[in-house]
Amino acid sequence: MGSGFSLLLLLASLSAVWAQKVEEVVIVVNGNQAVTSTDAHYICATIDWWPRDKCNYNQCPWVSSSVLNLDLSHPFLNKAVQAFKGLRVRVGGSLQDQVLYDVGNMTLPCHPFRKTQGGLFGFSKGCLKMERWDEVNRFFNRAGVLVTFGLNALNGRHHIRKGVWGGDWDPTNAQDFMKYTISKGYHIDSWEYGNELSGSGVGACVGAEQYGKDMIKLKSIIHNIYGNKPKPALLGPGGFYDEQWYNKLLQVSGSLVINALTHHIYNLGAGVDHNLMNRILDPHFLNKISQTFSNLKQTIKTHGPWASAWVGESGGAYNSGGCNVSNTFVNSFWYLDQLAMAAKYDTRVYCRQTLVGGNYGLLDTTTFIPNPDYYSALLWHQLMGKEVLAVNASTSPFLRSYAHCSRGRQGITLLLINLSNQTEYNISIRNSINIDLHANEKASNGRKSFAHGLKRTVSCFGSKASDGTSFREEYHLTPKDGYLRSKVMLLNGVPLQLTDTGDLPRLNPVHVAVSSPIFVSPLSIKFVVFPDFDAQGCK
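Calculation notes
Residues numbered from 1 in each chain as written. Predicted model: local features only at pLDDT ≥ 70, side-chain atom pairs only at ≥ 80, totals over all residues. Heavy atoms only, no water. Helix = DSSP H or I, 4+ residues; strand = E, 2+ residues; numbered from the N terminus. Buried < 20%, exposed > 50% of the residue type's maximum accessible area, 1.4 Å probe, protein only. Contact = heavy atoms within 4.5 Å. Areas by Shrake-Rupley, 256 points an atom, 1.4 Å probe, with all protein chains shown as cover. 1 Å grid on protein atoms, 1.4 Å probe; cavity = no way out; pocket = protein on both sides within 12 Å on 5 of 7 lines; lining within 4 Å. Points joined across faces, edges and corners; volume = space filled by probe spheres on them. Pairing = 2+ DSSP bridges. Axes fitted to C-alpha atoms, helices over the stretch in contact; angles between N-to-C directions. Phe/Tyr/Trp six-rings, centres within 6.5 Å; stacked < 30°, edge-to-face > 60°. Lys NZ or Arg CZ within 6 Å of the ring centre and 35° of its normal.

A. Spotlight on the overall build of the chain. Of the regular secondary structure elements, the chain holds 13 helices and 26 strands. Here the chain holds 539 residues, and the buried ones make up 56% of them. The contacts in the chain between residues at least 6 apart in sequence include a share of 76% that link residues at least 24 apart. Approximately 22,600 Å² of the chain is accessible, and the part contributed by carbon and sulfur atoms is 51%.

Shown next, in the form of structure tokens:
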């Protein structure tokens, strides 16, 4: 019986090996010229206004993560933000257009948000006390944050009919708040106007022509109250992309008013949807959002070439995210693919909903312990530079491949995402310099021997690998125990967990001979750094 059982185990293990396919892939990276670039502070995260009694699907996952009640002194929070050495944080969200600022001539009592029948999103207006704003700015300064603040764009307007608001914006309260901010020396990198009021809106909407006129008014206010001081950028509209509405906004507001056109993405569906994981792992589904990126790029090119594109808020699954999906390893397939795809379409900044709060926080809402996507964001920030490079790979759509110039050093960094549950990819990297050189060799028979000799002196990574370094760095990301919904991410097989003193773990690569193939196992992610890749576009 023992020998029979052993035979069954052997057959089972062989079946597992046979079930896993290996596919040979050649990826060609064009390092001659960057196709576009992002902002140096591309990674961004949001802090929202939702109170603890914001609930979806019988869950209330916001706890104390609002601008108004977040524990800004928590050491895990501070260390997590400081690790980026300049994390961009957007303060805003659904309740932003009901926020009053307790400053200047505001006569209403300063109350927090309260649940109320008939209120926008089921809540009353809320208020930001200046004492709390002081605390928030001390945190921002301590953590080295670049701040984007979303202003209330409904103040002074009236409700015309269901979901539609009209009338002129009253800037008085916002202007007093901005003046207070300047008087205290608080640095705001950009002011954003409104939240999800574009097109048909979410809860409320404002017409594009009125919105454009109000943004002209806000731009003038910024110019006047900042005087000779450096002026923050003006962003808007912070909503879902509607081509006709966005086109009209740029036409009405005119040249140089809006510095960045912001839009929101929740392309995975509702947080309670049972198909979230299937969508995340479906390359054809992931590709659909590229049309939005492409259309927005064309809108800017045609109607506002002075502006850049930002993803101002993106949580994947709406209504607070998917419990045990958005905060687990599997979500990094979506998140990193989003970061890379958006960058290809001239997106300068990508703001993740949220830094902390809901089910989609980079940090756990109650403990502030980093979720897997936090480490994905930090690795991107540390490895992927601004310049985006063209990649050519004739392979299955389940292998996603992207390349950037490396951040802060020579060479390039590849991001490889394997969405397949059964195929391992064995990848060889080629430099387009060598492809071109080989083509020239074939075309010029008269110089064949010279070209052939030259080609031998150039490695597949350009002309540098023979000069010194002969290794690459690999950062292989997998879930603990192979469980895609694990909240623990492994880096090269080592769990990424806080140390006993609450410090972040070291993100150490493994060094691999540069000439060896790259193996990307099923359902895993790998950053690969080539320090000696000859990329003229990265200089």
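Still to come is the rest of the account.
B. Region of the structure containing the layout of surface pockets. Space inside the largest pocket adds up to approximately 440 Å³. As for the largest pocket, its lining consists of 24 residues, of which Lys344, Val391, Arg400, Ser401 and Tyr402 are closest to the centre. Of all the secondary-structure elements, those providing two or more residues to the lining of the largest pocket are helix H9 (290–303), helix H10 (331–344), strand S17 (384–393) and strand S18 (399–406). If you tally residues by element for the lining of the largest pocket, the top one is S18, at 6 residues.

C. Expanded view of the sheet that holds strand S3 (residues 43–47). Within the closed barrel, the 8 strands sit side by side as S3-S4-S7-S10-S11-S12-S14-S16. Their pairing is parallel. Across this sheet, the average inter-strand angle for adjacent strands is 25°, counted without regard to direction. As paired strands, strand S4 (residues 88–91) and strand S7 (residues 146–151) are joined by 4 bridges and run parallel to one another. Across the sheet, the residue bridging to valine 91 is phenylalanine 149, located in S7.

D. Up close: the side chain of threonine 328. Tracing the chain through its elements places threonine 328 in the loop between strand S15 (317–318) and H10. Classification of threonine 328 as buried rests on a relative accessible area of 0%.

E. Main features of the packing of aromatic side chains. Summed over the entire model, instances satisfying the criterion amount to 26 aromatic pairs. Look at tryptophan 133 and phenylalanine 149: their rings are 5.1 Å apart centre to centre, the planes differ by 70°, and that puts the pair in the edge-to-face class. Here phenylalanine 149 lies in strand S7 and tryptophan 133 lies in helix H3 (residues 130–143), a separation of 16 residues in the sequence. For the residue pair tryptophan 133 and phenylalanine 149, the accessibility class agrees, reading buried in each case. Considering the side-chain rings of tyrosine 374 and tyrosine 375, the 5.4 Å spacing of their centres and the 80° angle between planes classify their relative orientation as edge-to-face. For tyrosine 375, a relative accessible area of 2% corresponds to the buried category. Here a set of aromatic residues connected by ring pairs shows up, and it is made of Trp49, Tyr101, Trp133, Phe149, Phe177 and Trp191. A cation sits over an aromatic face here: lysine 54 above tryptophan 50, 4.2 Å from the ring centre. Over the ring of tyrosine 335 we find arginine 352, and its NZ or CZ is 4.7 Å from the ring centre.

F. Focus on the environment of histidine 263. Summarising the element assignment, histidine 263 is placed in strand S12 (residues 260–265). On the accessibility criterion, histidine 263 (1% relative accessible area) is buried. It is 8.0 Å that separates the C-alpha atoms of histidine 263 and glycine 236, two residues lying 27 residues apart in sequence.

That is the geometry; function is a separate question.
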